[in-house]
Amino acid sequence: MRRLLTVLAAGVPLAAAMYLPSASAAPRTTSTTVNCAAPSVKAPTGTEVESVTGVSRPGGTIQGTGVLQGTVTDVPPYCEVTVTLTHQGDDDHAKVRTWLPVSGWNGRFQGLGGAAYLAGDNNPGLATAVKNGYAAVTTDAGVGDALDTSWALNSEGRVNTALLKNFASRSQHEAAVVGKEVVDGIYGRGPGYSYFNGCSTGGRQGYMEAQRYPDDYDGILADAPAVNWDEFEVATLWPQVVMNNEKTRPTSCEFNAFTAAAVKACDTLDGVKDGLVDDPSRCDFDPRRLIGTKVVCEGKELTITAADAAVVRKIWDGPRTPSGKKLWYGTPIGADINALAGADPFPVPAAWTKLWVAKDPSLDLSTITYSRFAQLFRQSQAEYDKVIGTDDPNLSAFRKSGGKLLTWQGDADQYIPAQGTVQYRERVERELGSATKVDDFYRLFLAPGTVHCGLNKGDGTTDDLGALTAWVEHGKAPKTLPATLIDADGRSVARDLCSYPQVLRYTGHGDPALASSFTCVTPSRY
């Protein structure tokens, strides 16, 4: 459970919010002390305001709520304004919380996304934003904590469509509208620039903002985005389906042996042995090469079998129909197979499949055949693509609004395969006519060897919000995204991540731990 919570917490945009703008980059700063009384708030279209409260908070140490927890220290005094919204006839109650620094506001506004089934921030993101001078907003969408799915079905066993709509799209938009109004009511003027910041579920929410509400934010930071939700959520059950149907469950040690062997075999594809696989899609390591290999696991010697190799091969290959048609992407080579192939199914896709797709809380996932899996996958697509798929490639309105969208994702993302994000980016290029047109407002950076939301939580670092603000406010489009990554041996290495579709290539000289030893090239030049 601790490992699971660490992963989910990585979706909270904490480190990303820690960008402290330089004086030259910041809009006009508010130095006067403000009154934290509840401002007048107009209900966003389609909603009613149930209540508005304003409270002065002393700051200090802020603790995260729910299963994700988290702690932020030295937070300055702030106003907390809470607006509760409802949609007529839906019996929902969505809380929109806006935190505003009492002094030192940098003129910027930041919307914060959620993680798993948590629609918004659980305090650390808000606290970090305030600490860095932002006024920040988040919403609970009227649903629960990160792993709370009690709201999925109503008392009649039917999907609660109102709350799903809140979680999927409308509550984040309403939070942006309310948050900006609160900022104006407290400070007497609106924000100079507005940004959205999220990873995983938060990343998906950022893409939904760009697709459906293109005027809400000037810049959107949407990392490891859970776009294609209706497809990848079911797809992430695939490792469990494979093991159950093949009646073979390799141990975690054996899975680790396959991953280590693949990383070793494909490490030098970027021109140097550096402990990182730069482009897993080019790695053609065959797991059958490990058949007969001895692995010591918890003091016992195990021998990798042909059945073990077959399971890994299917997991890497990804979901297919019984006739062999590809449904979605598999666990990337180099990613931790154990994340989705543990003793129990990962709870996020398990809940999605049982509650929203099958609408059967008692469904025994261990009994799902390959045919049943394909049926559930297609059913999820048919019922939920337009609701929460978040895969509309038409970003022309966002582009016209002048908005900028920046995304990074780990090539070793163990929960959301980066190839799904790449596929979306390529669809946007086809929709708008060229990669050049898309690069004007939307850039994607892939981080070798990096896990899900890893650059947010200590598995490497990057100043992504700094890059986004420089792009929005000064027109400095990021050609690369400087980052610190963690290699296979746990060492920190520097890399200037390439803007897709380029990939890193060793120059032939220099310390592989330095970013200057690599250059960005198109894959065809390998």
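Anyway, here's the lowdown on the structure attached to this text. Computed from a prediction, not measured in an experiment: that's the story for all the values here.

## Remarks on the nonpolar core
In step 1: If you look at the biggest cluster of nonpolar residues, it comprises 71 residues, and the most contacted ones within it are Tyr117, Trp352 and Trp356.
In step 2: Counting residues per element, the ones that place at least two in this core are helix H3 (161-187), helix H5 (229-235), helix H6 (238-246), helix H7 (252-266), helix H8 (306-317), helix H9 (347-357) and helix H10 (370-388).
In step 3: If sequence neighbours within four positions are ignored, Trp352 has contacts with Tyr117, Leu164, Trp229, Asp230, Glu233, Val234, Val357, Ser380, Tyr384 and Ile388.

## Describing the side chain of Thr98
In step 1: Residue position: Thr98 is located in strand E5 (residues 94-101).
In step 2: A relative accessible area of 0% places Thr98 in the buried class.
In step 3: Other than its neighbours up to four places away in sequence, Thr98 contacts Cys79, Glu80, Val81, Ala136, Val137, Gly179 and Val182.

## A short note on H7
In step 1: When the terminal C-alpha atoms of H7 are compared, their 21 Å separation across 15 residues agrees well with the 21 Å that a helix rising 1.5 Å per residue should span.
In step 2: Of all the positions in H7, only Glu254, Phe255, Phe258, Thr259, Ala261, Ala262, Val263 and Cys266 are classed as buried.
In step 3: Close packing links the buried residues of H7 with H6, strand E10 (294-297), strand E11 (300-303) and H8.

## Considering the state of the cysteines
What is meant by a disulfide is a covalent connection between two cysteines, made through their sulfur atoms.
In step 1: One pass over the full model with this rule turns up five disulfides.
In step 2: Note that Cys253 is cross-linked by a disulfide to Cys297, the S-S spacing being 2.2 Å. Around the S-S axis, the bridge from Cys253 to Cys297 shows a dihedral of about 65° and counts as right-handed. Within this pair, whereas Cys253 is found in helix H7, its partner Cys297 is found in strand E10, the two being separated by 44 residues in sequence.
In step 3: The class of Cys297 is buried, set by a relative accessible area of 9%.
In step 4: In this model Cys498 forms its disulfide with Cys520; the gap between the sulfur atoms is 2.1 Å. Judged by the sign of its S-S torsion, about -95°, the cystine formed by Cys498 and Cys520 is left-handed. Taken as a pair, Cys498 in strand E16 (residues 492-498) and Cys520 in strand E18 (residues 518-521) lie far apart in primary sequence, 22 residues in all.

## Quick look at the sheet that holds strand E4 (residues 78-86)
In step 1: Strand order in this open sheet of nine strands is E1-E4-E5-E7-E6-E8-E9-E12-E13, and the pairing throughout is mixed. Of all strands in the sheet, those bounded by a partner on one side alone are strand E1 (48-57) and strand E13 (442-447). Ignoring which end each strand starts from, the neighbouring axes of this sheet average 15° apart.
In step 2: With respect to the sheet, H3 is in contact with E4, E5, strand E6 (108-112), strand E7 (135-139) and strand E8 (193-199), its orientation differing from that of E5 by roughly 40°.

## A word on the pattern of salt bridges
Pairing between side chains of opposite charge can happen when the charged atoms of each approach one another.
In step 1: For the coordinates displayed, the defined rule picks out 16 salt bridges.
In step 2: A salt bridge links Glu383 to Lys359, with the nearest nitrogen and oxygen atoms 2.8 Å apart. Of the two residues, Glu383 sits in helix H10 while Lys359 sits in the loop between H9 and H10, which places them 24 residues apart along the sequence.
In step 3: On the basis of relative accessible area, Glu383 is assigned to the partly exposed category, the value being 36%.
In step 4: When its relative accessible area of 32% is taken as the criterion, Lys359 is described as partly exposed.
In step 5: Put simply, Asp440 and Arg399 hold a salt bridge, and the shortest N to O gap is 3.7 Å. One end of the pair, Asp440, is in the loop between helix H13 (435-439) and E13; the other, Arg399, is in helix H11 (residues 396-401), and 41 residues separate them in sequence.
In step 6: We classify Asp440 as partly exposed; its relative accessible area is 41%.

## Quick look at the packing of aromatic side chains
In step 1: If you walk through the whole model with that rule in mind, you get 25 aromatic pairs.
In step 2: A ring pair is formed by Trp229 and Phe232, whose centres lie 6.1 Å apart and whose planes are at 80°; its orientation type is edge-to-face. Separated by three residues within a single helix, Trp229 and Phe232 lie in helix H5, roughly one turn from each other.
In step 3: Among the residues examined, Phe232 registers a relative accessible area of 4% and is labelled buried.
In step 4: Linked through ring pairs, Tyr117, Trp151, Phe167, Trp229, Phe232, Trp352, Trp356 and Tyr384 together constitute an aromatic cluster.
In step 5: Cation over ring: Lys180 sits above Tyr217, and NZ or CZ is 5.7 Å from the ring centre.
In step 6: The positively charged end of Arg443 is found above the aromatic ring belonging to Trp471, 5.8 Å away from the centroid.

## Focus: helix H4 (residues 201-212)
In step 1: For H4, spanning 12 residues, the distance from its first C-alpha to its last is 16 Å, which sits close to the expected 16 Å at 1.5 Å a residue.
In step 2: Burial analysis of H4 places 11 of its 12 residues in the buried class, the great majority of the element.
In step 3: Among the residues making up H4, those that are buried are Thr201, Gly202, Gly203, Arg204, Gln205, Gly206, Tyr207, Met208, Glu209, Ala210 and Gln211.

Rules used in this analysis
Residues numbered from 1 in each chain as written. Predicted model: local features only at pLDDT ≥ 70, side-chain atom pairs only at ≥ 80, totals over all residues. Heavy atoms only, no water. Core = buried A, V, L, I, M, F, W, Y, C linked by side-chain atoms within 4.5 Å. Buried < 20%, exposed > 50% of the residue type's maximum accessible area, 1.4 Å probe, protein only. Helix = DSSP H or I, 4+ residues; strand = E, 2+ residues; numbered from the N terminus. Contact = heavy atoms within 4.5 Å. Expected span 1.5 Å × (residues − 1). Disulfide = S-S within 2.5 Å. Pairing = 2+ DSSP bridges. Axes fitted to C-alpha atoms, helices over the stretch in contact; angles between N-to-C directions. Salt bridge = Lys/Arg side-chain N within 4 Å of Asp/Glu carboxyl O. Phe/Tyr/Trp six-rings, centres within 6.5 Å; stacked < 30°, edge-to-face > 60°. Lys NZ or Arg CZ within 6 Å of the ring centre and 35° of its normal.

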